[in-house]
Structure formats: structure tokens, C-alpha cells
Amino acid sequence: MQREITRELVRRLLPGRMAESNKGSYGSVLAAAGSMAYRGAAALCTEGALRGGAGLVYLASVEPVIQLVLSRTPECCACGCRTAANGGIHPQDADALRRWFADRPTVLLAGPGLGESAADVCKALLGRNAPWAGAVLDADALNALAAGKYRGDLPANTIMTPHPGEAARLLGLTVPEVQADREGAAVSLAEKYHCVAVLKGHHTLVAAPGGTVWRNETGNAGLAKGGSGDILAGLTAGLLAAGLKQGRTPENAAVCAVWLHGAAADRCAKRRSMTAMLPGDLFEDLGWILGELGR
Ligand SMILES: NC(=O)C1=CN([C@@H]2O[C@H](COP(=O)(O)OP(=O)(O)OC[C@H]3O[C@@H](n4cnc5c(N)ncnc54)[C@H](OP(=O)(O)O)[C@@H]3O)[C@@H](O)[C@H]2O)[C@@H](O)CC1
Ligand SMILES: Nc1ncnc2c1ncn2[C@@H]1O[C@H](COP(=O)(O)OP(=O)(O)O)[C@@H](O)[C@H]1O
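Fair warning: this is a prediction, and the values are worked out from it, not measured in the lab.

Procedures and definitions
- Residues numbered from 1 in each chain as written.
- Chains lettered and ligands numbered in written order.
- Predicted model: local features only at pLDDT ≥ 70, side-chain atom pairs only at ≥ 80, totals over all residues.
- Heavy atoms only, no water.
- UniProt positions renumbered as here; feature names shortened; annotations may be inferred.
- Helix = DSSP H or I, 4+ residues; strand = E, 2+ residues; numbered from the N terminus.
- Contact = heavy atoms within 4.5 Å.
- Buried < 20%, exposed > 50% of the residue type's maximum accessible area, 1.4 Å probe, protein only.
- Expected span 1.5 Å × (residues − 1).
- Arc of directions from axis to C-beta.
- Near = heavy atom within 4 Å.
- Polar contact = N/O pair within 3.5 Å; in protein donor to acceptor, adjacent residues only side chain to side chain.
- Areas by Shrake-Rupley, 256 points an atom, 1.4 Å probe, with all protein chains shown as cover.
- Pairing = 2+ DSSP bridges.
- Axes fitted to C-alpha atoms, helices over the stretch in contact; angles between N-to-C directions.
- Lys, Arg positive; Asp, Glu negative; His and termini not counted.
- Salt bridge = Lys/Arg side-chain N within 4 Å of Asp/Glu carboxyl O.
- Parallel < 35°, antiparallel > 145°, perpendicular 65-115°, else oblique.
- Left-handed = near helix turned anticlockwise from the far one by under 90°.
- Nonpolar A, V, L, I, M, F, W, Y, C, P; charged D, E, K, R; others polar.

Caption draft 1: The arrangement of the UniProt feature "binding site: (6S)-NADPHX" (unreviewed entry) in the protein chain in detail. Per the UniProt record, "binding site: (6S)-NADPHX" (unreviewed entry) is found at Ala-41, Gly-113, His-163 and Asp-230. Among the structural elements, Gly-113 can be located in the loop between β5 (107-110) and α5 (118-125). Excluding its chain neighbours within four sequence positions, the residues that come into contact with Gly-113 are Gly-34, Ser-35, Tyr-38, Ala-41 and Asp-140. Mapped onto the elements, His-163 comes out in the loop between β7 (158-160) and α7 (164-171). If we ignore the near neighbours within four places in the chain, the residues touching His-163 are Leu-199 and Lys-200.

Caption draft 2: Spotlight on the UniProt feature "binding site: AMP" (unreviewed entry) in the protein chain. UniProt records the feature "binding site: AMP" (unreviewed entry) at Lys-200, Gly-201, His-202, His-203, Thr-204 and Gly-229, using the numbering of this structure. The greatest C-alpha distance among the annotated residues, which extend across 30 residues, is 14.1 Å, indicating that they converge on a single site. In this structure, Gly-201 sits in the loop between β8 (196-199) and β9 (205-207). By relative accessible area, which is 41% here, Gly-201 ends up partly exposed. Following the sequence through the fold, Thr-204 ends up in the loop between β8 and β9. With relative accessibility at 9%, the residue Thr-204 sits in the buried group.

Caption draft 3: Examining helix α9 (residues 182-193) more closely. Here α9 spans 16 Å end to end across twelve residues, near enough to the 16 Å set by a 1.5 Å rise per residue. For α9, the complete set of buried residues consists of Arg-182, Ala-185, Ala-186, Leu-189, Ala-190 and Tyr-193. Taken down its axis, α9 places every buried residue within 130 degrees of arc, on the same side. After α9 finishes, the residue His-194 shows a positive phi value of roughly 50 degrees.

Caption draft 4: A look at the site of ligand 1. Around ligand 1 sit 18 residues in total, of which Ala-41, Gly-113, Asp-140, Arg-169 and Asp-230 are the nearest. Between ligand 1 and Ala-41 there is a distance of 2.9 Å, counted from an oxygen atom to a backbone nitrogen or oxygen. Contact with the protein chains hides 52% of the accessible area of ligand 1, taken as 900 Å² for the molecule alone. In terms of residue count, the dominant contributor to the shell around ligand 1 is α7 (four residues).

Caption draft 5: Quick look at the sheet that holds strand β1 (residues 2-4). Spatially, β1-β10-β9-β8-β7-β6-β5-β2-β3-β4 is the arrangement adopted by the ten strands of the open sheet, whose pairing is mixed. The open sheet is flanked by β1 and β4 (77-81), the only strands paired with a single partner. Averaged over neighbouring strand pairs, the angle between their axes works out to 20 degrees when direction is ignored. The pairing of strand β2 (residues 28-32) with strand β3 (residues 56-62) spans five bridges and is parallel. Each bridged residue has a counterpart across the sheet, and for Ala-32 the counterpart in β3 is Ala-60.

Caption draft 6: Just the side chain of Asp-140, in detail. Here Asp-140 shows up in helix α6 (residues 139-146). Buried charge without a salt bridge: Asp-140, with Arg-169 as the nearest opposite-charge side chain at an N-O distance of 6.8 Å. Leaving out residues up to four positions away in the same chain, Asp-140 has contacts with Gly-111, Gly-113, Leu-114, Gly-115 and Ala-118.

Caption draft 7: Just the packing of helix α10 (residues 228-244) against helix α11 (residues 250-272), in detail. Where α10 contacts α11, the axes come no closer than 9 Å and their chain directions differ by 140 degrees. Between α10 and α11, the crossing angle belongs to the class labelled oblique. The crossing of α10 and α11 is right-handed. Within the contact between the two elements, α10 uses Ser-228, Ile-231, Leu-232, Leu-235, Thr-236, Leu-239 and Leu-240 and α11 uses Pro-250, Ala-253, Ala-254, Cys-256, Ala-257, Val-258, Leu-260 and His-261. Its residues assigned to classes, the contact of α10 with α11 shows twelve nonpolar, three polar and no charged.

Here is the structure:
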């Protein structure tokens, strides 16, 4: 049975901003994102993590991507990596990152824009004894997981955010089969991969193993543009990092992220139209909606 995500639920579950706090109170995110082919995805997901409230956001990527992201959001800390032959992060640098973060509890956000480098990067970052406080896996990180390129034993507090195409690959189904039983697909993903599954699309669903299936009713077809999913992945990671510091669960973070993302899109469509709005426009509306919720 599905339960609707409401504004009141989100108000209750959102991490607070306390007067007596500092950046360490809201957790850290490392985004492993972007490649020579997909530069914007890294910019959108890191801004999503910052605007989702994480205290510190690091970006691991190739230098041209780092330059682009810092020019938009200098708040982001750079972990510049060498470029591999496939245009992505060099695998040796991914190994070094994993060692550097071993004693710095951090949420890993992996996938947006990684392209062909995803298999090597995920193998290095998500192998045995991965140090992450939690993880958000999206896009190419999910395709590499579906293809068996790294162990399916994900860190505790993992959230995956597949669109129906990615969900079909993860479950060995076709897209029409996923869409014909979205609730069954979301539950199967959560149980197969022991994580919180966010099955995106019109009426995004959130399922945790053995838990409620949440249905989101915010959002509109203006989100059907490349980059919307990258923002959701970053926002989810930012909320997860801040929420884990305050005893919230990954399910709480996913529920808040999908509702806020859709509510921002609904506000954005009123001022920009569904046709002309861009994913990057959502950040302004997100700020207004968080403000209305007292955060
Ligand atoms: N500015 C940037 O840098 C951007 C970079 N980006 C980066 O691009 C990379 C590739 O990501 P991607 O999602 O485009 O590739 P992919 O998973 O192969 O999806 C296409 C296939 O899946 C299916 N499919 C997709 N959605 C579906 C749906 N809702 N419902 C049903 N089916 C759906 C679709 O099937 P079709 O409908 O065409 O048969 C098609 O075959 C990745 O790194 C990402 O982060 C993008 O985020 C954009 C902005
Ligand atoms: N018609 C729609 N109605 C509501 N939400 C939508 C619609 N189309 C797309 N979205 C949302 O936009 C985002 C698209 O993510 P994704 O397919 O991964 O795109 P990309 O990776 O290209 O950014 C998801 O959050 C999805 O739920």
C-alpha cells in the first residue's frame, strides 16, 4: 500500500538548523561526478548537495569539471583528479580518495556524469570496507552496479535514485515491465540491494526494505529535461548528510528530497512555465520552499 508524502510530513522530517551549530553539525558529502563528456551534471549535483544543507561538499572530478563547478559554486571543495583515457576520473586517484576519506565520516554521492569511468570509480570507492557514512547512487553508478562491475554489497545508509530505464537494468526487466508495476519494482530494488530505492518519474516512489512505500505527488513535466535527476541526487545527498547527524534515516532524506524537488518544480513552472524552465532554475524556488518550512 502507498502513502502520500505531505508537506507536514516533510516539515517534521527535515533536519533542523540550530543556533548552536557549525558546518560540522551538518555532515559532509563527497560527490564523485562528471567527466569530459558530462560536465554540467557535476555542477548540478554539487549545488544540490550544498543547497540541501550539507556542511561541507567536496567534488572529485577531472580538472575541467572542477574549474566549471568552482566558477559557479566556490563553496565546493575541490579534489582534482587526473583524466583517464575514458575521459573520467583516473582509477588510481579514486583509490587515493577512498583512503583520504577513511577517517572523515562522509556521505558519498556517486554517478552523475561519470560516463564510462563509472565502473572503475565505483569499484575503487565502493569496494570492501568502504568508509562512507552513507551513499547516494545515481545514473552511471547504477548502470555499473547493474552490469556487476562492483560488489552489490552497498554501504549502510545507501539511497539509490534510478529512473525507470536504470531500474529496468538493475532488476533485469524491461521499462514497460517496471512501469506496469512501479510499486513492485521499487520494493524489489529496496530488497535486492538492501537500500532505500527512489523510483523516479511522474509520482516518484520511495521504498525501504520492509517499510512503507511513499508516493510523491509534487513535480511536473517541466522536470523532463536532462539535469533534473542530477539535482535530485545532490539534494538527497545533502539532506542525508545533515539528517544522519540528527538521527534521521535515509528513508527520511529520500522522502524530503523528492517532495522538495517536485515542490520547487511546481513553483518554478508558475514563474517560468513547464516548457521554458531549466533544472538550474529550481534552486531559487527550493530556497523559498525551505524558507516557508522554517529552514
Ligand atoms: N548536463 C549534463 O552533464 C547531463 C548529464 N547527464 C548524464 O548523462 C549520462 C547518461 O544519463 P541518461 O539518463 O541520459 O542515460 P540513460 O540511463 O542511458 O537513459 C537513457 C535511456 O534510459 C531510458 N530512460 C531514461 N529515462 C527514462 C524514463 N524516465 N522512463 C523510461 N525510460 C527512461 C531511455 O530509454 P528510451 O525511452 O529511449 O527507450 C534511454 O534508453 C549520466 O552520466 C547522466 O548523469 C544527464 O543527467 C543529463 C544532463
Ligand atoms: N513528467 C514528470 N513528472 C514529474 N516528475 C518528472 C517528470 N519527468 C521527469 N521527472 C523528474 O525529473 C527527474 C529526472 O531524472 P532523470 O531521468 O535521472 O534525468 P537526468 O539524469 O537527465 O537529469 C526525476 O526526479 C523525475 O522524477
